[in-house]
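Structural characterization, general
Single-letter residue listing:
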Amino acid sequence: PPSSDGLALHVAPVPARGQVTVRYTLAAGVTVRLDVVDGLGRVVAVLADGPQAAGAHRLAWDATALPAGVYRVRLQTGADVATRAVTVAR
């Protein structure tokens, strides 16, 4: 579902054991920062950083190098932010 700021962000599968699919929809062309943050707030992966066109986007993220735990996938477009939790299991 879209977040309160209108960004649609989906992460699957949850829990993840390897490859994670991140899908999001942009209403307009905008500069995007899509990253993964650990429980301490540290950025552990940057999945996208730069201008993107409006429409649906899909990325693959390989989470196999991360230790088991809960992470947040964070999508930022200007002042708007959407996050989704993903548990990495082993």
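Look above for the structure.
In every chain, residue numbers begin from 1 and rise along the written sequence. This being a predicted model, a pLDDT of at least 70 is required before a residue's local features are given, and a value of 80 or more before pairs of side-chain atoms are given or counted; all residues contribute to the totals for chains, interfaces and linings. Note: side-chain values were computed over all heavy atoms of the structure, leaving out hydrogens and water.

**A closer look at unusual backbone geometry**
The residue after Ala12, namely Pro13, is reached through a cis peptide bond having omega -5 degrees. Between Val14 and Pro15 the backbone carries a cis peptide bond, its omega angle lying at 0 degrees. As for its placement among the helices and strands, Pro15 is situated in the loop between strand S1 (8-12) and strand S2 (19-26). To qualify as a helix, a DSSP run of H or I must reach at least 4 residues; to qualify as a strand, a run of E must reach at least 2; elements of each kind are numbered from the N terminus.

**Points about the sheet that holds strand S5 (residues 55-62)**
Pairing is antiparallel across the open sheet formed by 3 strands, whose spatial order is S1-S2-S5. Looking at which strands have only one partner, the edges of the open sheet turn out to be S1 and S5. Each neighbouring strand pair of the sheet contributes to a mean axis angle of 15 degrees, computed without reference to strand direction. When DSSP finds at least two bridges between two strands, those strands are taken to pair. In the sheet, S2 pairs with S5 via 8 bridges, with the strands oriented antiparallel. In the strand pairing of S5, Arg23 is matched with Arg58. All axes are obtained by fitting lines to C-alpha atoms, using only the stretch in contact for helices, and the reported angles, taken between N-to-C directions, cover 0 to 180 degrees.

**Some remarks on the environment of Gly39**
The residue Gly39 is located in the loop between strand S3 (30-37) and strand S4 (43-52) in this model. Put simply, Gly39 and Thr64 are 25 residues apart on the chain and 17 Å apart in space, counted from C-alpha to C-alpha.

**Concerning the pattern of salt bridges**
Salt bridges are counted wherever a side-chain nitrogen of Lys or Arg sits within 4 Å of a carboxyl oxygen of Asp or Glu. Applying the stated criterion to the full structure yields 4 salt bridges. Across the salt bridge formed by Asp38 and Arg42, the nearest N and O atoms sit 2.7 Å from each other. Ionic contacts of the salt-bridge type, sharing partners, join the residues Arg33, Asp35, Asp49 and Arg74 into one network.

**Some points on the sheet that holds S4**
One open sheet holds the 4 strands; their spatial order is S4-S3-S6-S7, and the pairing between them is antiparallel. What marks the edges here is a single partner per strand, and that holds for S4 and strand S7 (80-88). Strand-to-strand, the axes of this sheet are offset by a mean angle of 15 degrees, without reference to chain direction. Pairing analysis gives 8 bridges linking S3 to S4, with the strands arranged antiparallel. When the sheet's bridge partners are listed, Val37 is paired in S4 with Val43.

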